[in-house]
Amino acid sequence: MTTLNKKAVSAKVTNVNVNETEWVIKGTCTSLPAEITYRKIKKYSTAKVVHSGNADHQFAVDTIEWNVVKPKKDKAGKVSFVCRIPLESLYLHKVTPHINNWEIYVILSDGREETEAEARLLAPAADKLYMEKLYYGDRAFLKAYKTPKGYLNITRREAWNEDTLKDMPVKVVDIERSGDTYRITGMGNRKILSDVPAPSSSGILLKKRGRVLNKSLKVNWLNDYFWQADWVSSEPSFSGGLWDAHFYIKTDKRRLYRIDIDTKEFLRGAYHRAVVDGGIRRIRPYRTSNGGFSFKVFTDLVNVFAWKSVYQNNKVHMSGSFQWGKYEVDAFHLCLFDKQTSEVVRTPMDTAKGNLQKKEYTFTCSLPEKSLFFGGNKEASRYEVYLSAEVDARLMEYRFKIRPKVLEAEPRKEWRRGDHVYKGFFYTTVNNRLAYMLKEAGIVRDIAEFSINDNSFYIEGTASFNAKEASAPDEQTLAIIARSRETEQEVLFVPYEKKDDAFKAELPLDKLKTIHNDRDTIDLYIRVELGGYTRERKLGRESFTYYKDHILASHSLKTEKNVLEYYAVYTPRGNIKIETALLSKKHAAWLKEKNETYTRSTESYTWIIGERPDTAQDTGYHFFKYCRLHHPEIDAYYVIEEGAEDYEKVIPLGNVLTAGSDEHVIKTLEADAFFGSHDIEYLLPFKGALMVSYQKAAKVFLQHGVLGRKKVEYDKKYYHYPFDIFCVSSEMEKQMVVEKMGYSPGEVKVTGLSRFDELLESPAPKRKILLMPTWREWLHNEETFLESTYYKKYRSLIHNEELHKMLDDYDVDLDFYPHYRMQPYVEHFTVDNSSHIRVVKLGEVSVQELLKEGSLMITDYSSVSFDFSYMGKPVIFYHFDAKSFFKTGSLRPRAETFLGDTVKSEHNLINSIRGHIEQSFQEKKSVSEKKSSIFTHIDQNNAERIYQEALDALNNSN
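Residues numbered from 1 in each chain as written. Predicted model: local features only at pLDDT ≥ 70, side-chain atom pairs only at ≥ 80, totals over all residues. Heavy atoms only, no water.

A. Here's a closer look at unusual backbone geometry. Residues other than glycine seldom take positive phi values, yet Asn 432 does so here, at roughly 60°. For Asn 432, the location among the structural elements is in the loop between strand E34 (420-428) and strand E35 (434-440). Not every positive phi belongs to a glycine, and Ser 920 is a case in point at roughly 60°. Examined against the element boundaries, Ser 920 turns out to sit in the loop between helix H17 (906-918) and helix H18 (925-928). (Helix = DSSP H or I, 4+ residues; strand = E, 2+ residues; numbered from the N terminus.)

Rendered as structure tokens:
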């Protein structure tokens, strides 16, 4: 809320109280205008209350008492006040049904407009706002609080939704520690428990973040407002991690209410080390970024100066040095802890004091190699490496901290156990912790020759396990697997020649055609087997040049009516796949004929526009719609599959090409320009490399987002026939495309995205949150999807009880729309216990409709967030797997493109959502100020700019 344009004074609150009928606020005013007439202040000065979310809702305070002391020669004047705000007035002027926050202003006046001065009340110290200021009455909480900028706000928060307690404000006000025991003193309001129907218990629950572990603490109420609880930090249940504090009330089910904390001052002496599960743990109470009260429990560390391992005589021999200056020890042991099985390998260490100044201990130890396997074969194990110190029969465990360069010369050991082949090595984790990896050997493979002849594909190459010391290649058998993506059927081919790791194989097409559909993709795998040990890897080349629109080899199988085409192409990672397409002989003949006669038109143009073949929601559709409505003189066509959900939406615009139809074939073979939101090949009936029209026509990349967050495969080097026009949204994006993607400045046009035009026509958004994450390239099938962190995180979020409660409290809905490539698994996202959450399937609602209706977006890395920013609406970014997502880097610094709150945990996400709701879904000023680096234009002329650039390019090329 912005104050009126009046002279400012300073007004500070000295005391706040609330009772059954009114707020009573006392304070003083300073910095009064020098020309003000003090004796008239009592008569003309007033106060007002303004709703924080809507300044149109305000009212004058009728009851305010002024005490005025006139200035004297040696003493400044003083004005104090007692302001009484009726609770009924707040209720009558509320804006939202559940939570209403209010700002208070005093307006000093002596009756003259030129001396009138206004001040928003400044809050006193935080500890003076509590005691009995958390009032509960009429099934609602009344509370005074200090804003981040230091002002006093008062709030009325409905506590109940019918018989469900929605809100239970609880706050920690002090912590004391004696030994391993923390005594926590907090504030709440015990009176509310009398309204809870038949509570069986209540207290404090410490809940481990991201786990099902929790610990309840008994609460002792000192009076109606203050309570105490004791926590013994050395209890075995408190393992390493983050523990959040909640107040719980149990009736038919247990409901949790987050405990807050306002100041860090009394936390400074609460840091502690405790013995937990026989090991040393650091205990640190802290205040989260959102004001929550939590504990961090983590392992104590020991620095490693030197480390060397040698594999000899069936043992692992280790030596080196570490820092130790804590206490005298009876014995040291080295421990390897398997996190998956919780099994531990322990071996004694021979130690001696080294450099006394560095508090150094040198050590040697060894353990049998077979102990790494715990008596059985396993797929993979990651061991945490610990130091165990024994004192008076007690074991204290410490994690080794080590720098990566200390392990630079570490060897990698290979084993063969029965038919299994393993590799093992010590390594440094991302947090510089010492660990050991034991895993089964993978496959090394390479293709030397790939050709087609006599209705067969021929492959020459090498393949074996990457552990040649443990298993000679001539002991291993090879096979090539061809597997259809559509049918998931496969066929096996045994090399007709093999020597050591070299092989030659034939893949007859008559066998391949038994497993695939008419239009399909076949992946090739090499399978290596040693006895019963079998592994697979996609077949490809180590050294390759990747083009999206290039064919390595092709062949046609002709029947009486059709032609079955096979195309061998590279994937971006150098693997070889075979694409199939069933063509009619008529279409094949047209392809040959039109290729021989193709010339680009110089007068009337034919434009082919589209997206993916089954959608009409993105930049392709919006540009096509613009062309049909504003430039019917252009012969523009839209390509879409007949069974697509959006098919009927496009039909009224006319000029719709049903994918695979005769008209689709003819128009694309005669086209003068192609416009795609993705690769142009989505619009084509044949491989682009086979079409002269594709090679010679203008190609315009409409884009489907703003680039910069993730590396994409639209670089000029990836095409034999690259885009002639590359549309971007800002000068900074253009510079990036030129410098990092290889296009010339003349090929990159700052037009904006065509779909942005209609965003600014949207009506007022609804009280709705849009959850719209992007996809993950490593989730290829349902099995990997269901095991993924991606699935578990979003499933956990939409089932989060705190989120459900918040949506109920504020009467807000949430639409969850998984990405196009995640839609095949949408059935696994179901929410039956919240009427406010809807899972949206592809085609049910257009993306633009979802964007326009939403008031807040939650995404991870999706560029659709820019659509929201274009409309001036806030975005939250949920980065729980940023390391994996950005493993190949990003095109621009992350801070430039993520305009909004970035969170990494579900807990912080929930708090961020709450904050945006309470701020009435307002975009932050810091975000608004950054948008010029993302959008050069924020208007409704993006499609017009694209049209003009394309037309100019065609006219200039003739």
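Resuming the write-up.
B. Region of interest: the pattern of salt bridges. Taken as a whole, this structure holds 46 salt bridges when the rule is applied. Glu 22 serves as the salt-bridge partner of Arg 84, at 3.1 Å between the closest nitrogen and oxygen. Here the residue Arg 84 occupies a position in strand E7 (residues 78-86), and Glu 22 occupies one in strand E3 (residues 22-30), the gap between them amounting to 62 residues. On the accessibility criterion, Arg 84 (23% relative accessible area) is partly exposed. Residue classification places Glu 22 among the buried positions, given a relative accessible area of 18%. Where Arg 483 meets Glu 490, a salt bridge forms, and the shortest distance between an N and an O atom there is 2.7 Å. For Glu 490, a relative accessible area of 42% puts it in the partly exposed group. Salt bridges linked by common partners bring Lys 766, Lys 768, Asp 815, Arg 838 and Glu 853 together as one network. (Salt bridge = Lys/Arg side-chain N within 4 Å of Asp/Glu carboxyl O. Buried < 20%, exposed > 50% of the residue type's maximum accessible area, 1.4 Å probe, protein only.)

C. Here's a closer look at the environment of Thr 571. Here Thr 571 shows up in the loop between strand E45 (562-570) and strand E46 (576-584). Setting aside residues up to four positions removed in sequence, Thr 571 forms contacts with Phe 544, Tyr 546 and Lys 577. (Contact = heavy atoms within 4.5 Å.)

D. Broad picture of helix H7 (residues 662-670). Of all the positions in H7, only His 664, Val 665, Lys 667, Thr 668 and Leu 669 are classed as buried. Looking at the buried positions of H7, the neighbouring elements they touch are helix H4 (585-597), strand E47 (606-610), strand E48 (635-640), strand E49 (656-658), strand E50 (673-676) and helix H8 (692-696).

E. Representation of the packing of aromatic side chains in the model. Within the structure shown, the criterion is met by 59 aromatic pairs. Ring plane angle 20° and centroid distance 6.0 Å describe the contact between Phe 322 and Tyr 361, whose orientation is recorded as stacked. Here Tyr 361 lies in strand E30 (residues 360-368) and Phe 322 lies in strand E27 (residues 315-323), a separation of 39 residues in the sequence. We note that Phe 322, like Tyr 361, is buried. Ring geometry for Phe 332 and Tyr 361: centres 5.8 Å apart, planes at 70°, overall edge-to-face. Residue Phe 332 is located in strand E28 (residues 331-338), and its partner Tyr 361 is located in strand E30; the two are separated by 29 residues in the primary sequence. Look at Phe 332 and you get buried, because its relative accessible area is 5%. Lying over the aromatic face of Tyr 386, Arg 399 brings its terminal NZ or CZ to 5.6 Å of the ring centre. The positively charged end of Arg 821 is found above the aromatic ring belonging to Trp 775, 4.1 Å away from the centroid. (Phe/Tyr/Trp six-rings, centres within 6.5 Å; stacked < 30°, edge-to-face > 60°. Lys NZ or Arg CZ within 6 Å of the ring centre and 35° of its normal.)

F. A look at the pairing of E28. Counting buried positions along E28 yields six of eight residues, so the element is predominantly enclosed. With eight bridges connecting them, E28 and strand E31 (residues 380-391) associate as antiparallel partners. Within the sheet, the bridge partner assigned to His 333 lies in E31 and is Ser 388. As defined by bridge partners, E28 adjoins strand E29 (residues 344-353) across six bridges and the pair is classed as antiparallel. Paired with His 333 across the two strands is Pro 348, which belongs to E29. Linkage of E28 to E29, two consecutive antiparallel strands, is achieved through a turn of five residues, within which Ser 342 is found at a positive phi near 65°. (Pairing = 2+ DSSP bridges.)

G. Inspection of the sheet that holds strand E36 (residues 443-453) at higher detail. Spatially, four strands are ordered E36-E37-E41-E40 in an open sheet, and the strand pairing comes out antiparallel. Either end of the sheet is taken by a strand with one partner, and the two such strands are E36 and strand E40 (497-499). Across the sheet, the mean angle from the axis of one strand to that of its neighbour is 20°, orientation sign disregarded. Sheet topology note: the strand E37 (residues 456-465)/strand E41 (residues 502-508) ladder contains seven bridges and is antiparallel. Note that in E41 the partner of Tyr 458 across the bridge is Glu 506. (Axes fitted to C-alpha atoms, helices over the stretch in contact; angles between N-to-C directions.)

H. Region of the structure containing the sheet that holds E49. Strand order across the open sheet formed by seven strands is E49-E48-E47-E50-E51-E52-E53, with parallel pairing between neighbours. Across the chains shown, the open sheet's two edge strands, defined by having one partner strand only, are E49 and strand E53 (748-750). On average, each strand axis in the sheet is tilted by 25° relative to the strand beside it, whichever way the strands run. The pairing of E50 with strand E51 (residues 698-701) spans four bridges and is classified as parallel. Bridging from a neighbouring strand, Phe 675 pairs with Val 700 of E51.

I. Fine view of helix H12 (residues 801-810). Every buried residue of H12 is listed here: Leu 803, His 804, Met 806, Leu 807, Asp 809 and Tyr 810. With a side-chain oxygen positioned 2.8 Å from the backbone nitrogen of Glu 802, the residue opening H12 is Asn 800. Phi for Asp 811, located one or two positions after H12, is positive at around 55°. (Polar contact = N/O pair within 3.5 Å; in protein donor to acceptor, adjacent residues only side chain to side chain.)

J. Representation of the pairing of strand E58 (residues 875-878) in the model. With burial as the criterion, each face of E58 is covered, one bearing Val 875 and Phe 877 and the other bearing Ile 876 and Tyr 878. Relative to E58, strand E57 (residues 856-859) is paired through three bridges, and the arrangement is parallel. Counted as the bridge partner of Thr 859 is Phe 877 from E58. In this structure, E58 lies alongside strand E59 (residues 901-903), joined through three bridges in parallel fashion.

K. A look at the packing of helix H11 (residues 789-798) against H17. Where H11 contacts H17, the two axes come as close as 11 Å, and the packing angle between them is 45°. By the angle class used here, H11 and H17 are oblique. By crossing handedness, the relation of H11 to H17 is classed as right-handed. Taking contact as the criterion, the partners of Lys 793, Ser 796 and Leu 797 in H11 are, on H17, Glu 906, Leu 909 and Ile 910. Looking at the contact of H11 with H17 residue by residue, the class counts come to three nonpolar, one polar and two charged. (Parallel < 35°, antiparallel > 145°, perpendicular 65-115°, else oblique. Left-handed = near helix turned anticlockwise from the far one by under 90°. Nonpolar A, V, L, I, M, F, W, Y, C, P; charged D, E, K, R; others polar.)

L. Examining the domain arrangement of the protein chain more closely. What the domain assignment lists for the protein chain is domain 1 (11-158), domain 2 (170-299), domain 3 (301-440), domain 4 (444-572), domain 5 (598-756) and domain 6 (765-939). Domain 5 and domain 6 are separated by 28 Å when their C-alpha centres are compared. Listed as interface residues are 28 residues of domain 5 and, on the opposing side, 35 residues of domain 6. Across the domain 5 to domain 6 interface the summed buried area is about 2800 Å²; carbon plus sulfur atoms make up 52%. Of all residues in domain 5, Arg 709, Lys 710 and Phe 756 give up the largest surface area on contact with domain 6, accounting jointly for 31% of the area buried on that side. A salt bridge links Asp 867 to Arg 755; the nearest nitrogen and oxygen atoms lie 2.5 Å apart. Where domain 5 touches domain 6, the interface holds seven residue pairs in polar contact (both at pLDDT 80 or more). With five residues, helix H9 (residues 731-741) is the largest single contributor of residues to the side of domain 5 that touches domain 6. A per-class count over the side of domain 5 that touches domain 6 returns eight nonpolar, nine polar and 11 charged. (Domains from an automatic or database assignment. Buried area = accessible area lost by both parts, 1.4 Å probe.)

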